[in-house]
Amino acid sequence: MRRIFTVCLFLCLAQSLASAQSSGNNPPATLHVDSNIVLLDVTVTDASGKPVTDLRQDEFRITERKAPQTIASFEPPSAHDLPAADVGKVVVNSTADLVKIGEAPITILILDELNMSFPDRAYARTKLLEWLGHQPAVLSQPTALMAINDVDFHMLRDFTQDRDALLAILSKHTGDVVWRSDSNGRTGEQASENMASTLGAIERVSQALRGVPGRKNVVWVGDGFPSVSMGDVGRTSADQIAVNLRHLSNVMLHARVTLSIVGPSLVFYKPQTIETQGDQDSANMSEYTGVTLSNDNMQFAALAPPTGGRSYANRNDLDAEIGESVDSGASYYTLSYHPSDPSNDPKVYRRIHVEVTRPGLTVQTRDGYFEEPKETGVPPKISTQQLAFDLYGAAASTLAYTDLHVTAERAGPADFTLHASAKDMTWSELPDGRRHADLILLAACLSSSGRLLAKTFATLGSSTDASLASIGIASTALHMHIEPPPGTARIRFVVRDVAGGRVGTADIKP
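Residues numbered from 1 in each chain as written. Predicted model: local features only at pLDDT ≥ 70, side-chain atom pairs only at ≥ 80, totals over all residues. Heavy atoms only, no water.

Observations regarding the pairing of strand 5 (residues 106-112)
Rules: The buried label goes to any residue with under 20% of its type's maximum accessible area, the exposed label to any with over 50%, and the partly exposed label to all in between, with areas taken from a 1.4 Å probe on protein chains only. In this text, helices come from DSSP runs of H or I with a minimum length of four residues, and strands from runs of E with a minimum of two, each type numbered from the N-terminal end. Being paired, for any two strands, means DSSP has found at least two bridges between them. Crossover handedness is defined by viewing with both strands directed away from the observer: a clockwise path from the first strand over the helix to the second marks the crossover as right-handed.
Among the seven residues of strand 5, seven are classified as buried, and the element is accordingly described as predominantly covered. Going residue by residue along strand 5, you find Ile106, Ile108, Ile110 and Asp112 tucked away on one face and Thr107, Leu109 and Leu111 tucked away on the opposite face as well. Both strand 5 and strand 8 (residues 216-221) contribute to a ladder of six bridges, which runs parallel. Bridged to Ile110 within strand 8 is Trp220. Chirality of the crossover, the property in question, places the unit of strand 5, helix 2 (residues 118-133) and strand 6 (residues 138-148) among those that are right-handed.

Now the structure itself:
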């Protein structure tokens, strides 16, 4: 069903994308995002591993590509605390409640049922239960529980501070026996699919939660995909992997996601060859700095450090590793700076180093990013494949996507009105002085089990004479006509900003 739906999306989106990108009379550079600022969430600990929370801005030093940077803004850990009146109370019981906690950190636990043997999956689940059982009844960090298997990536429990609610769900969830458990997808074509599914899950979480302020601590409980020798996959496939990794790195940066990996068998696998249709020439992997090992092996464990997280390997205290991953994101500083020497080369990894002048302390943050091309006055070309990934992923998910704030209401028996926040959209200036934005809409009718029953696409080009200040407080009304088929339990509306890539969702019962 997923593959059939994706093919249908390709066919529908090809026409929708052509329509959206041809609208507007060659709008020049977008006015939505200042891409020349880097935001860093930084944790600082002492020799015993305890967080240090009393540092001043002048005690931090930042370099990018060895060049000193000037700190533009500074927030101490106290700026990210839960409101004092809410400490010890269950304030968050869903994604919608996250607006109540400001920039306090949140945790996403992802149980990997795709890349591990059945015994390892059972062990990981048991240790996760043990860790939860030792937490207070009211969690200090709102926590969501998710799982990935060979069928889909789904939410087991939305964000909550209720420990017992998470324990109840996890106790009932035994997971499915993956049919390919003998090889765990470590070789051949299946390794390629596992790699795509694993990276796709991280991207979808990052994309969905980008609209939530503050740091997101993603804890991947599992081994992830196996090590891949980039020299074995051929230049064509290696180049595409490079593009995908650069894209994922920047999605996580913008969403303020820190990835930690806790796997019962997380070791440095020997390289495994992924089957590919590309040529078999060796690829130049110098551009993979920060996301692969020095011997040019693409490895899941290597994804965590560049985000400011850690990979835990060769330990037998999985519950303690989970606790360390969650605790490390509980207290953080936020610093920003404007790069002193920006470039326009998306293949260059711009390495970041942060240190403090106070001796004996350890600093942890992401170690760099890939530069994004500056606007050139030409509307960005969006691949149909990326659109299909974004729209289908949001439609099939039970995650609420928050990057473009959307609400839905019924306007008639088969008519619905969506309201999208104008400030989240990418507005470009037309030759006549007006401003223009393009959106793609998808309405998916889903059964109680999440099966797709029907879908409707629409594109919208919106133009306005309003100033940017006025746009910042306005919303755009979008209208759709849908006749839900029998068995529809909910309708999920997905709205994607064509130029900026922001995605928002809204659900409504038929």
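A look at the pattern of salt bridges
Worth spelling out the cut-off: When a carboxyl oxygen of Asp or Glu lies within 4 Å of a side-chain nitrogen of Lys or Arg, that pair is called a salt bridge.
Taken as a whole and assessed by the stated rule, the structure comprises 18 salt bridges. Notably, a salt bridge pairs Lys100 with Asp97, separated by 3.3 Å at the nearest N-O pair. On the basis of relative accessibility, which here comes to 45%, the residue Lys100 falls in the partly exposed class. Taking relative accessible area as the criterion, Asp97 reaches 15% and is therefore assigned buried. Of the charged contacts in the structure, one is a salt bridge between Glu103 and Arg256, with a shortest N-O distance of 3.5 Å. Taken as a pair, Glu103 in the loop between strand 4 (71-75) and strand 5 and Arg256 in the loop between helix 5 (235-255) and strand 10 (257-262) lie far apart in primary sequence, 153 residues in all. A relative accessible area of 12% places Arg256 in the buried class.

A look at unusual backbone geometry
One non-glycine residue, Arg65, lies in the positive phi region at around 50°. With respect to the helices, strands and loops of the structure, Arg65 is situated in the loop between strand 2 (60-64) and strand 3 (67-69). A positive phi is found at Arg256, a non-glycine position, where the angle reads about 60°.

Section: the nonpolar core
Short version of the rule: The criterion is simple. A nonpolar core is a set of buried Ala, Val, Leu, Ile, Met, Phe, Trp, Tyr and Cys residues joined through side-chain atoms within 4.5 Å. Here, residues are in contact when the closest pair of their heavy atoms is within 4.5 Å.
Ile108, Ile110, Met146, Val205 and Trp220 are the most contacted members of the largest nonpolar core, which totals 55 residues. For this core, the leading source of residues is helix 4 (residues 188-209), giving seven residues. In this structure, Met146 is in contact with Ile108, Leu109, Ile110, Leu111, Phe153, His154, Met155, Leu156, Val205 and Leu399, ignoring residues within four places of it in sequence. Counting 22 residues, the second largest nonpolar core, distinct from the first, contains Leu418, Ala437, Met480 and Ile491.

Considering helix 3 (residues 163-172)
As a reminder of what qualifies: Distance and chemistry together define a polar contact, namely a pair of N or O atoms within 3.5 Å, with one atom able to donate a hydrogen and the other to accept it when in protein, and with adjacent residues in sequence counting only for side-chain atoms on both sides.
For helix 3, the set of buried residues is Arg163, Ala165, Leu166, Leu167 and Leu170. Elements in contact with the buried residues of helix 3: strand 5, helix 2, strand 6 and strand 7 (153-162). The residue sitting at the N-terminus of helix 3 and contributing the capping side-chain oxygen is Asp162; that oxygen lies 3.0 Å from the backbone nitrogen of Asp164.

Let's talk about the confidence of the model for the protein chain
Where we set the bar: One confidence number per residue, pLDDT, is output by the predictor and ranges from 0 to 100.
Model confidence for the protein chain is summarised by a mean pLDDT of 81, while 80% of its residues fall at 70 or above. Mean pLDDT across the secondary structure elements of the protein chain bottoms out at helix 1 (residues 2-22), with 43, and peaks at strand 2, with 97. Counted against residues more than four places away or in other chains, residues 1-34, with its pLDDT under 50, gives 72 contacts.

Focus on the sheet that holds strand 12 (residues 311-312)
Pairing between sheet strands relies on hydrogen bonds along the backbone, with the strands arranged either parallel or antiparallel. Definition in use: What counts as an axis is a line fitted to C-alpha atoms, over the stretch in contact for a helix, and the angles between N-to-C directions run from 0 to 180 degrees.
One open sheet accounts for six strands, arranged 7-6-5-8-10-12; its pairing is mixed. For this open sheet the edge positions go to strand 7 and strand 12, each flanked by a neighbour on one side alone. Of the pairings in the sheet, the one linking strand 8 to strand 10 comprises six bridges and is parallel in character. Counterpart to Val221 in the pairing with strand 10 is Val262. Running at roughly 155° to strand 5, helix 2 makes contact with strand 5, strand 6 and strand 8 of the sheet.

Focus on the packing of helix 2 against helix 3
As a reminder, the rule being used: Each angle is binned into one of four classes, with values under 35 degrees roughly parallel, values over 145 roughly antiparallel, values of 65 to 115 roughly perpendicular, and all other values oblique. By definition, any crossing whose near helix is turned counterclockwise from its far helix by less than a right angle is left-handed, and any crossing with a clockwise turn is right-handed. Amino acids outside the nonpolar list (Ala, Val, Leu, Ile, Met, Phe, Trp, Tyr, Cys, Pro) and the charged list (Asp, Glu, Lys, Arg) are all regarded as polar, and Gly is one of them.
The interhelical angle for the contact between helix 2 and helix 3, taken along N-to-C directions, is 160°, at an axis separation of 10 Å. On the basis of their axis angle, the class for helix 2 and helix 3 is roughly antiparallel. Taken as a pair, helix 2 and helix 3 cross one another with a handedness that is left-handed. In contact with Arg125, Leu128, Leu129, Leu132 and Gly133 of helix 2, helix 3 contributes Arg163, Leu166, Leu167, Leu170 and Ser171. Of the residues in the contact of helix 2 with helix 3, the class split is six nonpolar, two polar and two charged.

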